[in-house]
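One letter stands for each residue in the lines below.
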Amino acid sequence: MSVEEPTMNVPPHHDEEEVHLFIERMAMAFADVGFPRMAARVLFTVMSADGPLTAGEIAERLGVSAAAVSGAVRYLTQFAMLVREPVKGSRSDRYRMPDNPWYEATITKTTIYKNFIDIAAGGVDALHGRSTPAGERVTEMRDFFLFVQEELESLGDRWRARRAATGHGGPAVG
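Residues numbered from 1 in each chain as written. Predicted model: local features only at pLDDT ≥ 70, side-chain atom pairs only at ≥ 80, totals over all residues. Heavy atoms only, no water.

## Observations regarding the pairing of strand 2 (residues 83-86)
Cut-off, in case you're wondering: Two strands pair if DSSP finds at least two bridges between them. Counting from the N terminus, the helices are the DSSP runs of H or I reaching at least four residues and the strands are the DSSP runs of E reaching at least two.
Looking at chain direction, strand 2 and strand 3 (residues 93-96) are connected through four bridges and run antiparallel. Looking at strand 3, one finds that R84 is bridged to Y95. In this antiparallel pair of consecutive strands, strand 2 and strand 3, the connection spans six residues, and G89 shows a positive phi of 75 degrees.

Here it is, written out as structure tokens:
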């Protein structure tokens with residue numbers, strides 16, 4: 001009978017070069033669709049960290065200035081893609097991903113669609129609805145944004161169910 005040494009619950013070592021490539025590739029993909037590239041680099045740096053990071057730690061990992069990180073974290077916190085938390089006994093803050101950032105940034109921000117719908121409704125009235133070609137186009141735009149808003153609410157319900165069924169959102173597996 002062999003005696004096994006106890007195994008320690010040590011997280012696996014990250015391949016830093018592969019992590020760097022992941023961050024840069026995702027940042028480029030996001031930038032290709034209009035997302036600010038530095039904000040994307042910061043987002044995926046924080047996402048790929050095992051714990052919260054200060055702005056200085058983010059800047060060091062990316063090899064950029066603290067000022068570049070400052071603007072990016074401000075942008076990301078506005079869209080609930082990052083959460084800022086104070087560091088006890090320090091003037092620094094740490095940044096982490098919220099529990100469900102993709103849902104938070106995509107599904108819960110439907111107020112943008114309400115704003116589009118309200119403005120478009122005024123345009124429909126001004127253009128006398130479907131009685132003119134311009135009125136028809138604006139009516140269709142308003143109806144599209146109504147549809148998107150309704151679908152996002154339904155999509156959010158389905159995502160929460162799927163997330164629960166697949167075990168996302170629980171403690172990290174070490």
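Read on for the rest.
## Description of the side chain of T45
Using the following cut-off: Should any heavy atoms of two residues lie within 4.5 Å, those residues are counted as being in contact.
Note on placement: T45 falls in helix 2 (residues 37-47). If sequence neighbours within four positions are ignored, T45 has contacts with I23, L53, I58, R61 and L62.

## What about the packing of aromatic side chains?
In this description, an aromatic ring pair is defined by two values, namely the gap between the centres and the angle between the planes. Heads up, the rule is: By convention, a stacked pair of Phe, Tyr or Trp rings (six-membered ring in the case of Trp) has centres within 6.5 Å and planes under 30 degrees apart, an edge-to-face pair has planes over 60 apart, and any other such pair is tilted. Only protein chains enter the calculation, and the probe is 1.4 Å; a residue is then buried if its accessible area is under 20% of its type maximum, exposed if over 50%, and partly exposed in between.
One pass over the full model with this rule turns up nine aromatic pairs. Taken together, a centroid distance of 4.9 Å and an interplanar angle of 50 degrees make the contact between Y75 and F79 tilted. Judged by its relative accessible area of 40%, F79 is partly exposed. Relative to F145, the ring of F116 has its centre 4.9 Å away and its plane inclined at 50 degrees; by these criteria the two rings are tilted. In this pair, F116 is assigned in helix 6 (residues 111-126) and F145 in helix 7 (residues 133-166), connecting sequence segments 29 residues apart. You can call F116 partly exposed: its relative accessible area is 33%. Connected via pairs of aromatic rings, a cluster forms that spans F22, F30, F35, F44, Y75 and F79.

## Structural notes on the pattern of salt bridges
Threshold: Only one rule defines a salt bridge in this text: a Lys or Arg side-chain nitrogen within 4 Å of an Asp or Glu carboxyl oxygen.
Enumeration according to the criterion identifies ten salt bridges in this entry. Residues R37 and E24 are paired through a salt bridge, measuring 3.5 Å at the closest nitrogen-oxygen approach. Within this pair, whereas R37 is found in helix 2, its partner E24 is found in helix 1 (residues 16-32), the two being separated by 13 residues in sequence. The exposure class assigned to R37 is partly exposed, which follows from its relative accessible area of 39%.

## Remarks on the environment of M47
Its location among the elements puts M47 in helix 2. Taking relative accessible area as the criterion, M47 reaches 31% and is therefore assigned partly exposed. Each C-alpha atom of the pair M47 and L82 lies 9.2 Å from the other, and the pair is 35 residues apart in sequence. Once residues lying within four places of it in the same chain are set aside, the contact partners of M47 are M97 and W102.

In short, the description is geometric, and any link to function would need to be established separately.
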